[in-house]
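Coordinate inspection notes
What follows is each chain in one-letter form.
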Amino acid sequence: MKLIKRHISSFLTGICSVLLSLLGYSCSSSPNEPDYPCMYGMPTGGFEIKGTVTDETGKDVENVEIRVCPHKEFSYLTNLTCRTDADGNYTISAPVILHMAKVVCIPEQGALEPDSVVVELEYKDKDKYDDSWYMGHAEKTVDFILKSKNTSEE
């Protein structure tokens, strides 16, 4: 009796191993898909948020920190950060699905106030790849016009 139970257990273990192997194989990327990380049971896709940062006079502001984080939704994404270039431009992208993101603009200590905005990301090109887990790619432009700090006391 113990021998039969052992054979049945070995057989079931082998079946489970094959099924898990097939699941891992089916999750691997095909050659025409973007190179996004694929996690079991998790939709893939990505977003890109870009824009410019200027002051009230229209002058480009460089070296401003831009942060993007999830807004009131679960995500394994922590804050993504970058800095503006000499022309005040920035671009942040990630292979993550977010429907609402908070974009925060933090200038260096000085005469400009920080600013933030919550944006909704709309994913397109969902049918571009033959993959039911691919949710598409979202692009959003977020421009900031930073106000001067009020240095006079009221």
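Residues numbered from 1 in each chain as written. Predicted model: local features only at pLDDT ≥ 70, side-chain atom pairs only at ≥ 80, totals over all residues. Heavy atoms only, no water.

A few words on the overall build of the protein. The number of helices and strands found in the protein is 1 helix and 8 strands. Along the protein, helices and strands appear, N-terminal first, in the series α-β-β-β-β-β-β-β-β. (Helix = DSSP H or I, 4+ residues; strand = E, 2+ residues; numbered from the N terminus.)

Following the criterion strictly, the structure yields 3 salt bridges and no others. A salt bridge links Lys50 to Glu48, with the nearest nitrogen and oxygen atoms 3.9 Å apart. Look at the salt bridges and you will find they share partners, linking Glu65, Arg67 and Arg83 into a network. (Salt bridge = Lys/Arg side-chain N within 4 Å of Asp/Glu carboxyl O.)

Inspection of the secondary structure puts Thr54 in strand β1 (residues 44-55). You can call Thr54 buried: its relative accessible area is 14%. (Buried < 20%, exposed > 50% of the residue type's maximum accessible area, 1.4 Å probe, protein only.)

All right, on to the nonpolar core then. Taken as a class, soluble globular proteins show a tendency for nonpolar side chains to be buried jointly. Residues Phe47, Ile49 and Ile66 are the most contacted members of the largest nonpolar core, which totals 25 residues. Those elements that place two or more of their residues in this core are β1, β2 (65-70), β4 (89-94), β5 (100-106) and β8 (144-146). In this structure, Ile49 is in contact with Val68, Tyr90, Thr91, Ile92, Ala101, Val103, Val119, Leu121, Lys140 and Val142, ignoring residues within four places of it in sequence. (Core = buried A, V, L, I, M, F, W, Y, C linked by side-chain atoms within 4.5 Å. Contact = heavy atoms within 4.5 Å.)

So, about the confidence of the model for the protein. When pLDDT is averaged along the protein, the result is 80, and 77% of the positions lie at 70 or above. Per-element confidence in the protein is highest for β8, whose mean pLDDT is 95, and lowest for helix α1 (residues 2-27), whose mean pLDDT is 73. A low-confidence stretch, residues 28-36 (pLDDT under 50), is modelled with 12 contacts involving residues beyond four sequence positions or located in other chains. (pLDDT = per-residue confidence, 0-100.)

Attention now moves to the sheet that holds strand β6 (residues 115-120). Pairing within the open sheet is antiparallel, and its 4 strands lie in the order β3-β2-β5-β6. Each having just a single partner strand, β3 (80-83) and β6 make up the two edges of the open sheet. This sheet shows a mean twist of 20 degrees between the axes of neighbouring strands, independent of strand direction. Pairing analysis gives 6 bridges linking β5 to β6, with the strands arranged antiparallel. Counted as the bridge partner of Lys102 is Val118 from β6. (Pairing = 2+ DSSP bridges. Axes fitted to C-alpha atoms, helices over the stretch in contact; angles between N-to-C directions.)

A few words now on the environment of Pro114. By the secondary structure assignment, Pro114 is in the loop between β5 and β6. Sequence spacing of Pro114 and Leu146 is 32 residues, and the spatial spacing of their C-alpha atoms is 6.9 Å. Once you skip the residues sitting within four places of it in the chain, Pro114 turns out to touch Cys105, Ile106 and Pro107.

It is worth spelling out a nonpolar patch on the surface at this point. The grouping of Ile4, Ile8, Phe11, Leu12, Ile15 and Leu19 at the surface amounts to a nonpolar patch, some 600 Å² of accessible area in total. Residue placement: Ile15 occurs in helix α1. (Patch = residues over 30% accessible without salt bridge, like charges linked within 9 Å, V, L, I, M, F, W, Y side chains within 5 Å. Areas by Shrake-Rupley, 256 points an atom, 1.4 Å probe, with all protein chains shown as cover.)

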